[in-house]
Amino acid sequence: MGEADLHCHTTASDGTFSPEELVALAARIGLKVIAVTDHDSVEGVAPAQAAGERLGIEVIPGVEINTDVPGAEVHILGYFVDHSNAELIEATSRLREGRVGRAKRMAEALTAMGAPVDFRRILEIAGEGAVGRPHVAKALLEAGHVTSSSEAFSRYIGRDGPAYVERQKFTAAQACALLRRAGGVPVLAHPVHYDRYGAIKGALDLDSALPALKTEGLMGIEAYYPRYDAITIEYLLGLARRHGLLVTGGSDFHGGRPNEPDPGSVHVPMKAVRRLRAAWEQVQA
Ligand code: AMP
Ligand code: FE
Ligand code: FE
Ligand code: ZN
């Protein structure tokens, strides 16, 4: 069991726990530090930090910006961002607004293909949070068109699914630059996936993509992640060394998904947290 978890979602995006509930859970588990990293939103940061102060657990302000590159999905985490930064607030609200129109188009596409879902219901499910495909999946489940959220992704709204609609164009480079301007440390989230034979498969050709992203301000990659085996972690640690990047990690906790790892279930060395903080202090100076 680790002491740190640098990747957690709340109701500010597609998590099921409110910021307060997430922090309470983390404290109960015995974590010392967590980062709140909601998709396209920093709205969960302040309430989580207030709860963290009450419960004696450090909450690192964060965000996860979902970007679209052709044929792949690239998520950029930002740590220690100034969550009151006007440009960051502006940009993330615009991304969230774009998500509303996109959810509407997904609802229309689903309705056209015989799996009608009510757009307003999707928004209701998302509540105050950044609306995303997990909310569409819930609506599909509720309407009885699928029997699980993962079926919703595999049949309809996965990257190659018939009802998939891209998010507003925002590139990984733009995300890195934005996060740096907001005083944050940009980190490439879950850099690899596995193919169906279990081989490591990158969404990007990492050895060629990382130097370019580094130029835009990227400072680290996520190396500790649920389901990443020892070989994958070694590969990512090596990649980080080669490219002079930090490593981070976390459970990507959303709450309430079947078989989901708990916060802290991915071991993140405290040394990595210290290095992250030191790097942030250096870019502030
Ligand atoms: P969005 O940003 O709206 O495109 O949604 C992306 C989010 O959907 C990811 O961050 C995950 O939380 C979730 N997600 C993506 N693929 C799957 C999948 N195959 N099964 C369940 N959840 C997924
Ligand atoms: Fe998510
Ligand atoms: Fe992600
Ligand atoms: Zn995430």
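Preceding this section is the structure that the text describes.
Residues numbered from 1 in each chain as written. Chains lettered and ligands numbered in written order. Predicted model: local features only at pLDDT ≥ 70, side-chain atom pairs only at ≥ 80, totals over all residues. Heavy atoms only, no water.

**Student:** Before we go on, may I ask you to explain the overall build of the protein chain in this structure?
**Tutor:** Along its length, the protein chain carries 10 helices and nine strands. Against the 2.2 N^0.38 benchmark of 19 Å for 285 residues, the protein chain shows a C-alpha radius of gyration of 18 Å, consistent with a compact globule. Referenced to the eigenvectors of the C-alpha coordinate spread, the extents of the protein chain come out at roughly 55 × 45 × 35 Å. Here the protein chain, with 285 residues, has 55% of them falling under the buried criterion. (Helix = DSSP H or I, 4+ residues; strand = E, 2+ residues; numbered from the N terminus. Rg over C-alpha atoms; globule rule 2.2 N^0.38 Å. Buried < 20%, exposed > 50% of the residue type's maximum accessible area, 1.4 Å probe, protein only.)

**Student:** It is not clear to me how the coordination of the zinc ion (ligand 4) should be interpreted in this structure. Could you clarify?
**Tutor:** Ideal coordination angles are 109.5 degrees for a metal with four donors arranged tetrahedrally and 90 or 180 degrees for a metal with six donors arranged octahedrally. For the zinc ion (ligand 4), the full set of protein donor atoms is His-7 (NE2), His-9 (NE2), Glu-64 (OE) and Asp-252 (OD), and the range of their distances to it is 2.0 to 2.3 Å. Each of the four donor atoms around the zinc ion (ligand 4) contributes to a set of angles spanning 82 to 173°, which defines the coordination as irregular. Sequence positions of the donors to the zinc ion (ligand 4) reduce to the motif H-x1-H-x54-E-x187-D. (Donors = N, O, S within 2.8 Å, 3.2 Å for Na, K, Ca; no water. Tetrahedral: all angles 85-135°; square planar, octahedral: opposite > 155°, others 65-115°.)

**Student:** Teacher, can you tell me more about the coordination of the iron ion (ligand 3) here?
**Tutor:** Protein ligation of the iron ion (ligand 3) involves Glu-64 (OE), His-75 (ND1) and His-190 (NE2), the donor distances falling in the range 2.0 to 2.3 Å. Each donor residue of the iron ion (ligand 3) lies on one chain, and together they are spaced E-x10-H-x114-H. What makes Glu-64 buried here is its relative accessible area of 0%.

**Student:** Any chance you could explain the packing of helix H3 (residues 86–112) against helix H4 (residues 119–126) here in plain terms?
**Tutor:** When two helices pack together, their arrangement is given by the angle between the helix axes and the distance between those axes. Between H3 and H4, whose axes approach to 9 Å, the crossing angle comes to 135°. By the angle between their directions, the pair H3 and H4 is classed as oblique. As for the relative orientation of H3 and H4, their crossing is right-handed in sense. Facing Val-100, Ala-103, Lys-104 and Ala-107 of H3, the residues of H4 in contact are Phe-119, Ile-122 and Leu-123. (Axes fitted to C-alpha atoms, helices over the stretch in contact; angles between N-to-C directions. Parallel < 35°, antiparallel > 145°, perpendicular 65-115°, else oblique. Left-handed = near helix turned anticlockwise from the far one by under 90°. Contact = heavy atoms within 4.5 Å.)

**Student:** Help me understand the environment of Glu-151 in this model?
**Tutor:** Mapped onto the secondary structure, Glu-151 falls in helix H6 (residues 149–157). A relative accessible area of 18% places Glu-151 in the buried class. Each C-alpha atom of the pair Glu-151 and Ala-137 lies 8.4 Å from the other, and the pair is 14 residues apart in sequence.

**Student:** Hey, could you run me through the site of ligand 1 in this one?
**Tutor:** Neighbouring ligand 1 are 13 residues; Asn-66, Arg-99, Arg-102, Arg-133 and Arg-167 lie closest to it. Here an oxygen atom of ligand 1 and a side-chain polar atom of Asn-66 are 2.7 Å apart. His-254 places a polar side-chain atom, nitrogen or oxygen, 3.1 Å from an oxygen atom of ligand 1. Going through the elements one at a time, H3 and helix H5 (133–142) are the ones with two or more residues in the shell around ligand 1. For the shell around ligand 1, a count of residues per class yields two nonpolar, five polar and six charged. (Near = heavy atom within 4 Å. Polar contact = N/O pair within 3.5 Å; in protein donor to acceptor, adjacent residues only side chain to side chain. Nonpolar A, V, L, I, M, F, W, Y, C, P; charged D, E, K, R; others polar.)

**Student:** Help me out: how do you make sense of the sheet that holds strand S4 (residues 72–79) in this one?
**Tutor:** Here seven strands make up an open sheet; going across it, the order is S1-S2-S3-S4-S5-S8-S9 and the pairing mixed. Both edges of this open sheet fall to strand S1 (4–8) and strand S9 (246–249), since each of them pairs with a single strand only. For this sheet the average axis-to-axis angle between neighbouring strands, irrespective of direction, equals 35°. Bridge count for strand S3 (residues 58–69) against S4 is eight bridges, and the pairing is antiparallel. Across the sheet, the residue bridging to Val-63 is Gly-78, located in S4. Across the sheet, helix H1 (residues 19–29) touches S1, strand S2 (33–36) and S3, and the angle it forms with S2 is around 155°. (Pairing = 2+ DSSP bridges.)

**Student:** Would you mind showing me how to read H4 here?
**Tutor:** Owing to its 3.6 residues per turn, the α-helix aligns residues three or four sequence positions apart on the same side. Residues of H4 that are buried include every one of Phe-119, Ile-122, Ile-125 and Ala-126, and no others. The buried residues of H4 occupy an angular sector of 120° when the element is viewed end-on, so they sit on one face. Those residues of H4 that are exposed and angled more than 90 degrees off the buried face are Arg-120 and Glu-124. Looking at the packing, one finds that the buried side of H4 touches H3 and H5. Between a side-chain oxygen at the N-terminus of H4 and the backbone nitrogen of Arg-120 the separation is 3.1 Å; the capping residue is Asp-118. Directly after H4, the chain includes Gly-127, whose backbone phi takes a positive value near 60°. (Arc of directions from axis to C-beta.)

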